[in-house]
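One letter stands for each residue in the lines below.
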Amino acid sequence: MKFGGTSVEDPAAIGRTAAIVAGRVAQGKNPIVVVSAMAKVTDQLLRAADAAATGDRAGALAISSRLRSRHRDTATELVKNREDGCALINMIDQEFDSLDEVLRGLAAILELTPRISDLIVSFGERLSSQIVTVAFRERGMNAAHVDAREIIITDSQFKRAIPQDEIIERKVPEKLLPLLHEGKVPVMGGFIASNEAGLTTTLGRGGSDFTGAIVGGAINAEAIEIWTDVDGIMTTDPRVCPDALRVKTISFEEAAELAYFGAKVLHPATILPAVKKNIPVLVLNSRNAACEGTRIVSLAPHCKSPFKSIAVKKKLSIIDLVASRMLMTHGYLRQIFEVFDKHKCPVDMVSTSEVSVSLTVDSNSHLPAIAADLSKLADVKYEGKKALVCMVGEDIRGQNGIAAQVFNAVRHINVRMISQGASEINMSFMIEEDDADEAVRSLHAAFFQEPDPTIFDVEARKQLSVVSGR
Ligand code: ADP
Ligand code: ASP
Ligand code: MG
């Protein structure tokens, strides 16, 4: 059971989380709990790191001090048992003392390496997992804290480290199964890990979902539950489109595609361990635990409508290359991709004609260097602030007239690049970032008017229209 930042954001949220886990224990299940840092803590730790690295020592320590108070207050409110409460407050103070030491050191050397960045952000999950453990104990559960860094072993690519499956498959059961056999509820932080030398690493932003799935996979769990702040995977981001519907069932493939193309509800790598072991993944709402959420399984039932959900990936750049030398030659694309490979820059979408190639990549600080290398091969132009809209559904390729319907829905918006056919379950196109929300709302209105009740939660929409009188 993985609980995201909003599910542990304050004493009330941690209380709800405890009740959900206790409910599973009461059903005779043996849950393992993975938690994120309290909501927004990771962002603030990164801000503290940036402040320290730019010489703003006081600013960095002020952020840390506010975080210390937030964690202390949460612990005090949750834990009434004197002895446990004191021990927890001491632990929190020790953690913040060492965080402050790192920040002071950083403010002296003024260089934020990925390794130090990971060390600093790791405090978020280290703290939340220990507070949650004690809060669970106070609520009658036999919870045991586990330091994720002892069992989630990765390579040394700080900030987006790659888990070392073989070691993890050994360590996770070795450490967690004995606890389960003793009737304990293991609680650990997500996102944080360590390399083989014991240095702290992280799995990349949003990586707690991935930890949950890795642990579930390594112990062959009955299910991997991702508890968050929405009812499940929705037909699109409900923050952009408030009448988004819950998708009841979706396939691994579709969910992976959505996650990769920007549906923040799931980290893109979450599906991998589940697919390998064929473990169902459930996305559930810790604020509405009675809702059945979304079930991600290997084979989803047939859906009458072409699309299940719309994702958007923002902060992308488009790179246009034009070279007449490309005409009638071969090996040219290889040379282009070698440049991206050299800069370790993943490419999301590609479109080519005889003499030109357009590619989309995440906007990043390496772009000028990439463009400089590419300019040896072609005329290069690049532009940021683009968004990729990705429509996901089964068998898009096999249905007539789909493209016409999609582009009719966004006919008022300038489309820069299109990709269809590469995947059977995805149709995507690139637009200006500022047009993205409007495009999503238009597409949602066009494709989710009469949703198939076997796949989508239409009841929720009916209730909404009764309340709003629509
Ligand atoms: P957590 O902290 O629990 O990991 P996140 O903030 O990472 O939660 O992810 C949940 C958020 O993802 C939701 O609040 C929602 O705004 C956003 N989101 C984006 N796309 C979707 C989608 N298709 N379905 C559900 N939520 C989505
Ligand atoms: N706390 C981390 C983040 O904000 C990991 C996570 O929440 O999944 O990115
Ligand atoms: Mg998340």
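Computed from a prediction, not measured in an experiment: that's the story for all the values here. Here the residue numbering is sequential within each chain, running from 1 through the sequence in written order. Here every chain gets a letter starting at A, and every ligand a number starting at 1, in the order they are written. Confidence filtering applies because this is a predicted model: local features only for residues at pLDDT of at least 70, side-chain atom pairs given and counted only at 80 or more, and all residues used for totals across whole chains, interfaces and linings. Neither water nor hydrogens contribute to the side-chain values; these are computed over all heavy atoms in the structure.

A. Representation of the side chain of Ser419. Topologically, Ser419 is positioned in strand β16 (residues 417-420). Look past the residues within four positions of Ser419 in its chain and what remains in contact with it is Met349, Asn426, Met427 and Ser428. Strands are runs of DSSP state E lasting at least 2 residues, helices are runs of H or I lasting at least 4, and numbering of each runs from the N terminus. Between two residues, a contact is recorded if the distance between any of their heavy atoms is within 4.5 Å.

B. Structural view of the site of ligand 2. Around ligand 2, a shell composed of Ser36, Thr42, Glu125, Phe191, Arg205, Gly206, Gly207 and Ser208 is seen. Here a polar contact is taken to be a pair of N or O atoms separated by no more than 3.5 Å, where protein atoms must pair a possible hydrogen donor with a possible acceptor and residues adjacent in sequence count only if both atoms sit in side chains. Within the side chain of Glu125, a nitrogen or oxygen atom sits 2.7 Å from a nitrogen atom of ligand 2. Separating an oxygen atom of ligand 2 from a side-chain N or O atom of Arg205 is a distance of 2.7 Å. Method for areas: the Shrake-Rupley scheme with a 1.4 Å probe, in which residue coverage is limited to the protein chains shown. Compared with its free state, where it exposes 260 Å², ligand 2 has 86% of that area covered by protein. Polarity classes work like this: nonpolar for Ala, Val, Leu, Ile, Met, Phe, Trp, Tyr, Cys and Pro, charged for Asp, Glu, Lys and Arg, and polar for all others, with Gly in that last group. Considered class by class, the residues forming the shell around ligand 2 number one nonpolar, five polar and two charged. When we say a residue is near a molecule or strand, we mean one of its heavy atoms is within 4 Å of it.

C. Geometry of the packing of aromatic side chains. Pairs were defined over the aromatic rings of Phe, Tyr and Trp, the Trp ring being its six-membered one, requiring ring centres within 6.5 Å. Orientation was assigned from the angle between planes: stacked under 30 degrees, edge-to-face over 60, tilted for the rest. Counting across every chain of the model gives six aromatic pairs. Ring centres of Phe307 and Phe447 lie 4.9 Å apart, and the angle between their planes is 85 degrees; on these two criteria the pair is classed as edge-to-face. In this pair, Phe307 sits in the loop between β11 (294-297) and β12 (309-322) while Phe447 sits in helix α13 (residues 436-447), placing the two residues 140 residues apart along the sequence. Note on exposure labels: buried denotes an accessible area under 20% of the residue type's maximum, exposed denotes more than 50%, and partly exposed covers the range between, all computed with a 1.4 Å probe on protein chains only. Using a relative accessible area of 1% as the deciding quantity, one classes Phe307 as buried. Judged by centre distance (5.6 Å) and plane angle (85 degrees), the ring pair of Phe448 and Phe456 falls under edge-to-face. With respect to burial, Phe448 and Phe456 carry one shared label: buried. The residue whose ring lies beneath Arg126 is Phe123, and the NZ or CZ to ring-centre distance is 3.9 Å. Cation placement over rings: the criterion is NZ of Lys or CZ of Arg within 6 Å of the ring centroid and within 35° of the ring normal. Lying over the aromatic face of Tyr260, Lys313 brings its terminal NZ or CZ to 4.1 Å of the ring centre.

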